[in-house]
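Notes for the structure review
Read off the chains here:
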Amino acid sequence: MEQESKEKLASVSSLVTVFENSRTPGAAIRVSKLEAECHLPGYSLTPSAEPWKESHVGESLGSEPRTVSRRYLNSLKNKLSSGAWRKSCQPEIHPGPGTQMPEEKRIVQELLETEKAYVAHLHLLDQVFFQELLREARSSKAFPEDVVRLIFSNISSIYQFHAQFFLPELQRRLDDWTATPRIGDVIQKLAPFLKMYSEYVKNFERAAELLATWTDKSAPFQEVITRIQSSEASGSLTLQHHMLEPVQRIPRYELLLKEYIQKLPAQAPDRADAQKALDMIFSAAQHSNSAITEMERLQDLWEVYQRLGLEDDIVDPSNTLLREGPVLKISFRRSDPMERYLFLFNNMLLYCVPKVIQVGAHFQVRTRIDVAGMKVRELTDAEFPHSFLVSGKQRTLELQARSQEEMISWMQACQAAIDQIEKRNETFKAAVQGLEGDTQEQELQSEELGLRAPQWVRDKMVTMCMRCKEPFNALTRRRHHCRACGYVVCAKCSDYRAELKYNDNRPNRVCFHCYTFLTGSVLPEDKEDRRRGILEKGSVAGSEQSLMCSFLQLVGDKWGKSGPRGWCVIPLDDPLVLYIYAAPQDMRAHTSIPLLGYQVTAGTQADPRLFQLQQSGQLYTFKAETEELRDRWVKAMERAARGWSPGRPDDGDLSD
């Protein structure tokens, strides 16, 4: 048994000697003698002084891949507890005739033998590939030395650790196995140094890309690698395959230690130390796993930054991409939504416009919204289903997803990022949910006036100034937006400037209400609010503050020949009156009808969606979009005509 072990040790040592001697004068004689004495299994040495220089640059290594895919890297993480690393080509230990080696010693012997073979591979990487490429870079100046150092990362440190410390310690312990039959304490002492592999693993994909790039780019670079790869000493494997050995090594330690602990007797003195050593090896493996994950995260992040044009204020390696995808932006001026693209990071939301000519950057960043202080909620908008609101300090966006599931996914991703920021900073409170949520939200908006970008009211939602109630027209009274509250106002009502914190304290157009609130200035008497008229009752856009509200077509000569649509509301605080507005956000109704005493009649056979209000020669005809909506309006008006109010018992609910 000892004779066989010595022969195997000689074979590994001989392989190392080949690389060392083959680069010195007179190496051919020593190599020939070594071949004759050791008869290396699997390595047929030639009498050439430099066996890897026998092939030419044009010679190919067949169909060996030159790069290692990310899929392969991912598979490494999934195989930590797999037995697939135990290759059939690893040396097997056979006890001599008449002897029975203990199972735990056999595993330690296998650990030692595989370590010797691994050190030989490290020698090939560090002392042959690395040093030969460095020598060529210094002499020919055909490629930078820094490229070579980046490709091999910290392989020299890994090689020195295993050759000078780990392997000798294992060898000494096995030689003294009879007196000290344990291995756990040795691995415990040296296992913390295995964390140096994380740097190598993290750099692996970049190293593979550099290797592929400079193999195509530099003929001398390719020539050196091809010479060494073509030698029998390299085992006809590419440099990339040799570079994978360190990535695979720690999982092999873990597998061998697991098997060693399983074979130990129950009362073995090494069981506790071996278990602790296994935990430390597992920690080192997780460290390498984390390095692979971090490498993939940075790679994905870099690809995103390239698509965004590498803007200096965006590129940050500490960011994490949470979600990306196309959305539709609901415009406050246009009727049709616009194609946009979102990138959600852990600390910011990027609102982007796809470029028509995608040369270089694929997107132009329009707005960056900080996640800190951001809010997200669903919008109830019949015209734009699956829409949601993202409100941030820099800007507020009304967005539309392609489906309900996609909208929910976006909202959940945004809320998760917000919750994480709030948890970390402990400065933001979760929004209070409850019956009084609308009132609290309104108070919060007044407190934060000027601190965050408002939600702009869409142009088509109003026909008159939301402050002075004067109707808009295309020439003398055009629409403007208050940058503080988002209302649509006329030029006269928005002829003020106030510094807004969310816009870096730059002066912005604001309405006179916001100007007073933000600056504390007293308005002239002619600017103060006059007494409200009977029709100056703000419209209710939703069903929360109304008994019934929807668009109805106004039919008959009373409304004009065109038969316009009107936003009709029976408010909760005035349940016996029907208010008709030109648009849902108007602050003044153009018509109000006291419903008490009116007779309500349903539709005709010609058009069942029609219904009428009639009293003392007054006749109003309306047309609903559906028969179901008509029935609800008829029921609501009949109640009001009878004098019903919300505080009295009811026989049904009219709300959506």
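Here the structure is a predicted model, which is why all the values come from computation and not from measurement.

Things to note about the overall build of the protein
A tally of helices and strands in the protein yields 15 helices and 18 strands. In the protein, once contacts between residues fewer than 6 apart in sequence are set aside, the share between residues at least 24 apart is 60%. Here the protein displays about 33900 Å² of accessible surface, and carbon together with sulfur accounts for 50% of that area.

Some details on the packing of helix α4 (residues 103-140) against helix α5 (residues 145-152)
Their axes nearest at 9 Å, the elements α4 and α5 cross at an angle of 165°. In terms of their interaxial angle, α4 and α5 are classed as roughly antiparallel. Pair α4 / α5 crosses with right-handed handedness. Residues Leu125, Phe129, Phe130, Leu133, Leu134, Ala137 and Arg138 of α4 pack against Glu145, Val148, Arg149 and Phe152 of α5. In terms of residue class, the contact of α4 with α5 is made up of eight nonpolar, no polar and three charged.

Here we look at the pairing of strand β6 (residues 387-391)
The two faces of a sheet get side chains in turn, since along a regular strand they alternate between them. Within β6, five of the five residues are buried, which leaves the element mostly enclosed by the surrounding structure. With burial as the criterion, each face of β6 is covered, one bearing Ser387, Leu389 and Ser391 and the other bearing Phe388 and Val390. In this sheet, β6 lies alongside strand β5 (residues 375-378) in antiparallel orientation, the contact comprising four bridges. Counted as the bridge partner of Glu378 is Phe388 from β6. Here β6 folds back onto strand β7 (residues 396-400), and the loop between the two strands holds four residues.

So, the nonpolar core
If you look at the biggest cluster of nonpolar residues, it comprises 65 residues, and the most contacted ones within it are Ile151, Phe152, Met243 and Tyr260. Among the secondary structure elements, those contributing two or more residues to this core are α4, α5, α6 (155-175), α7 (184-190), α8 (197-217), α9 (219-230), α10 (239-263) and α11 (271-308). Sort the elements by how many residues they give to this core and α4 lands first, with 15 residues. Residues contacting Met243, with those up to four places away along its chain left out, are Leu125, Ile151, Tyr200, Phe204, Ala207 and Leu211.

Quick word on the environment of Val489
Checked against the element boundaries, Val489 lands in strand β9 (residues 488-489). Overall, the relative accessible area of 0% leaves Val489 in the buried class. Expressed as a C-alpha distance, the spacing of Val489 and Val462, which sit 27 residues apart in the sequence, is 9.5 Å. Each residue touching Val489, except ones within four places of it in the same chain, is listed here: Cys465, Arg467, Phe472, Arg478, Arg479, His480, Cys482, Ser494 and Cys511.

Brief notes about the pairing of strand β15 (residues 591-594)
Burial along β15 is one-sided: Thr591 and Ile593 are buried, and none of Ser592 and Pro594, which face the opposite way, are. Pairing geometry for strand β14 (residues 577-581) and β15, over four bridges, is antiparallel. Following the sheet pairing, Tyr579 is matched in β15 by Ser592.

Notes on the pattern of salt bridges
This structure, assessed with the given rule, holds 26 salt bridges. Among the salt bridges present, the one from Glu259 reaches Arg106, with a minimum N-O distance of 3.3 Å. Residue Glu259 is located in helix α10, and its partner Arg106 is located in helix α4; the two are separated by 153 residues in the primary sequence. Salt-bridge contacts for Lys189 lead to Glu169; the nearest nitrogen and oxygen are separated by 3.6 Å. One end of the pair, Lys189, is in helix α7; the other, Glu169, is in helix α6, and 20 residues separate them in sequence. The network of salt bridges with common partners includes Glu103, Arg106, Glu110 and Glu259.

Brief notes about the environment of Tyr253
On the secondary structure map, Tyr253 appears in helix α10. As for Tyr253 and Ile187, which are separated by 66 residues in sequence, their C-alpha atoms are 9.8 Å apart. If sequence neighbours within four positions are ignored, Tyr253 has contacts with Leu111, Glu115, Tyr118, His162, Phe166, Leu194 and Ile281.

Let's talk about the sheet that holds strand β1 (residues 321-329)
Spatial strand order, β4-β3-β2-β1-β7-β6-β5: seven strands in an open sheet with antiparallel pairing. Strands at the two margins of the open sheet, each flanked by one partner only, are β4 (363-370) and β5. Within the sheet, the average angular offset between the axes of one strand and its neighbour, ignoring direction, is 30°. Alignment of strand β2 (residues 338-345) against strand β3 (residues 348-354), held across four bridges, turns out to be antiparallel. Residue pairing across strands places Leu342 opposite Tyr351, the latter belonging to β3.

A closer look at a nonpolar patch on the surface
A cluster of nonpolar side chains, contributed by Val356, Ile357 and Val359, occupies part of the molecular surface with about 390 Å² of accessible area. Position of Ile357 relative to the elements: it lies in the loop between β3 and β4. According to the relative accessible area criterion, Ile357 is exposed, its value standing at 65%.

Details of the packing of α8 against α9
At a minimum axis separation of 6 Å, α8 and α9 run at an interaxial angle of 115°. Viewed along their axes, α8 and α9 adopt a mutual orientation that is roughly perpendicular. Across the interface between the two elements, Leu211, Trp214, Thr215 and Lys217 from α8 touch Ala219, Phe221, Gln222 and Ile225 from α9. Residue composition of the contact of α8 with α9, by class: five nonpolar, two polar and one charged.

Some details on the sheet that holds β15
Strand pairs in the sheet, formed through backbone hydrogen bonds, run parallel or antiparallel to each other. With respect to topology, seven strands assemble into an open sheet ordered β15-β14-β13-β12-β18-β17-β16, the strand pairing being antiparallel. The open sheet has two edge strands, β15 and β16 (599-601), and neither has a second partner. Averaged over all pairs of adjacent strands, the angle between their axes in this sheet comes to 30°, without regard to strand direction. Lying on the sheet, helix α15 (residues 627-641) is in contact with β12 (546-555), β13 (565-571), β14, β16, β17 (610-615) and β18 (618-623); it crosses β12 at an angle near 115°.

Description of the packing of aromatic side chains
For the structure on display, the rule yields 14 aromatic pairs. Here Phe343 and Phe363 contribute two aromatic rings whose centre-to-centre distance is 5.5 Å and whose plane-to-plane angle is 80°, an arrangement assigned as edge-to-face. Of the two residues, Phe343 is situated in strand β2 and Phe363 in strand β4; the sequence distance between them amounts to 20 residues. Like Phe363, Phe343 is buried. Taking the centre distance of 5.5 Å and the plane angle of 25° together, the rings of Phe611 and Phe622 count as stacked. You can see Phe611 sitting in strand β17 and its partner Phe622 sitting in strand β18, a full 11 residues away along the chain. When sorted by exposure, Phe611 lands in the same class as Phe622, which is buried. Aromatic rings pair up to connect Phe161, Phe166, Phe193 and Tyr253 into one cluster. Positioned over the ring face of Trp214 is Lys217, at 4.5 Å from the centre of the ring. Positioned above the aromatic ring of Trp410 is the side chain of Arg323, whose terminal nitrogen or guanidinium carbon lies 4.5 Å from the ring centre.

Parameters and conventions
Residues numbered from 1 in each chain as written. Predicted model: local features only at pLDDT ≥ 70, side-chain atom pairs only at ≥ 80, totals over all residues. Heavy atoms only, no water. Helix = DSSP H or I, 4+ residues; strand = E, 2+ residues; numbered from the N terminus. Contact = heavy atoms within 4.5 Å. Areas by Shrake-Rupley, 256 points an atom, 1.4 Å probe, with all protein chains shown as cover. Axes fitted to C-alpha atoms, helices over the stretch in contact; angles between N-to-C directions. Parallel < 35°, antiparallel > 145°, perpendicular 65-115°, else oblique. Left-handed = near helix turned anticlockwise from the far one by under 90°. Nonpolar A, V, L, I, M, F, W, Y, C, P; charged D, E, K, R; others polar. Buried < 20%, exposed > 50% of the residue type's maximum accessible area, 1.4 Å probe, protein only. Pairing = 2+ DSSP bridges. Core = buried A, V, L, I, M, F, W, Y, C linked by side-chain atoms within 4.5 Å. Salt bridge = Lys/Arg side-chain N within 4 Å of Asp/Glu carboxyl O. Patch = residues over 30% accessible without salt bridge, like charges linked within 9 Å, V, L, I, M, F, W, Y side chains within 5 Å. Phe/Tyr/Trp six-rings, centres within 6.5 Å; stacked < 30°, edge-to-face > 60°. Lys NZ or Arg CZ within 6 Å of the ring centre and 35° of its normal.

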